[in-house]
Structure formats: C-alpha cells, structure tokens
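Each chain, letter by letter, is given below.
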Amino acid sequence: MADLKEFAEQLVNLTVKEVNELADILKEEYGIEPAAAAVAVAGGAAGGGEEAAEEQTEFDVILNAPGGSKLAVVKLVKELTGLGLKDAKALVDGAPAPVKEGVAKDEAEALKSQLEEAGAEVELK
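Structural notes, computed from the coordinates. Quick caveat, the model's predicted, so the values are computed rather than measured. (Residues numbered from 1 in each chain as written. Predicted model: local features only at pLDDT ≥ 70, side-chain atom pairs only at ≥ 80, totals over all residues. Heavy atoms only, no water.)

1. Regarding the overall build of the chain
On a plain count of helices and strands, the chain comes out with seven helices and three strands. When the helices and strands of the chain are listed from N to C terminus, the series reads α-α-α-α-β-α-α-β-α-β. Counting over 125 residues, the chain shows a buried share of 20%. Considering only residue pairs separated by 6 or more positions, the chain has 70% of its internal contacts joining residues 24 or more positions apart. (Helix = DSSP H or I, 4+ residues; strand = E, 2+ residues; numbered from the N terminus. Buried < 20%, exposed > 50% of the residue type's maximum accessible area, 1.4 Å probe, protein only. Contact = heavy atoms within 4.5 Å.)

This is the structure we're talking about:
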C-alpha cells in the first residue's frame, strides 16, 4: 500500500513537461490515449461533423512554439496560468503544449491574442 502512495505522490509532483512526456509514452508504447484527447475524439464522433464544430463552447489554447522572444512568452504563460516560473518555462520548452484547456471562446481568443502579441505561435482547438 505504501508503494501506491509513493507512486501517487510522484504523479502529483510531475512538471508539465514530464506529464507531456508521460502522455506520449502511454500513447506510443501502450496505446493509451490521454483522457482529454479521448473526450475530444468522442465528442467529435458523436456530434456528426461540421455542426459539432459550430456548437463548440469549450476551447483548448495550445502553444505551438514560443517564437523569437521566449522569455516574454514564459513570463506571460506564468502570469496567465498561475504556474511557477519553472513550470511555465517547462510548458514553453515542451511546446506544443496546452496552456489552458476547456475555456470559453472569448477567453481562449483573448489568451491567443496575448500570446501572439508576445511572439508565440498559438492555436485554438
């Protein structure tokens, strides 16, 4: 039982970059899709194409690349997400990575424009 508690503590203390690496390993080596991707796939399949895309109410803000001014992007990601500096840097270094998930369209577009002004390449999903 103590081993499971240790394992749980290790999972909780993973950085964003480590979580992304873990998700890649689970997907590539074991065929396990991360839950967020599974929900997005299931939602798209159930909705029936273009109508589902028009009715989308929650968006993921994905940082594709930090661009030329990486430091400015790290600072902005830190401010927007509430992450510590180390975690914000890990998120930017691990791009492409989600900055925020499941946000309203207005908030997602605002985040995207702020990040693009700082020089980052961003997309909404």
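There's more to say after this.
2. A look at the pattern of salt bridges
Counted under the stated rule, the structure contains four salt bridges. In this structure, Asp93 engages Lys70 in a salt bridge whose closest nitrogen and oxygen atoms are separated by 2.5 Å. Taken as a pair, Asp93 in helix H6 (residues 85–93) and Lys70 in helix H5 (residues 70–81) lie far apart in primary sequence, 23 residues in all. For Asp93, a relative accessible area of 32% gives the class partly exposed. Between Asp93 and Lys89 there is a salt bridge, with its nearest N and O atoms 2.7 Å apart. One end of the pair is Asp93 and the other is Lys89, both in helix H6 and four residues apart, which spans about a single turn. According to the relative accessible area criterion, Lys89 is partly exposed, its value standing at 41%. Linked through salt bridges whose partners overlap, the residues forming this network are Lys70, Lys89 and Asp93. (Salt bridge = Lys/Arg side-chain N within 4 Å of Asp/Glu carboxyl O.)

3. Let's talk about the packing of H5 against H6
Two numbers describe how H5 lies on H6: the axes approach to 8 Å, and their chain directions differ by 120°. Here H5 lies oblique to H6, going by the angle between them. Regarding H5 and H6, the two cross each other, and that crossing is right-handed. Each of Lys70, Val73, Val74, Val77 and Lys78 in H5 lies in contact with H6, whose residues at this interface are Leu85, Ala88, Lys89, Leu91, Val92 and Asp93. (Axes fitted to C-alpha atoms, helices over the stretch in contact; angles between N-to-C directions. Parallel < 35°, antiparallel > 145°, perpendicular 65-115°, else oblique. Left-handed = near helix turned anticlockwise from the far one by under 90°.)

4. Here we look at helix H7 (residues 105–117)
Helix length check: H7 (13 residues) gives 18 Å between terminal C-alpha atoms against 18 Å at 1.5 Å per residue, within 8%. All of the buried residues in H7 are Ala108, Leu111 and Leu115. Viewed along the axis of H7, the buried residues span an arc of 65°, placing them on a single side of the element. Exposed side chains of H7 directed beyond 90 degrees from the buried face belong to Asp106 and Glu117. Residues of H7 that are buried sit in contact with strand S1 (59–65), H5, strand S2 (97–103) and strand S3 (121–124). Immediately beyond the C-terminal end of H7, within one or two residues, lies Gly119, with a positive phi of roughly 110°. (Expected span 1.5 Å × (residues − 1). Arc of directions from axis to C-beta.)

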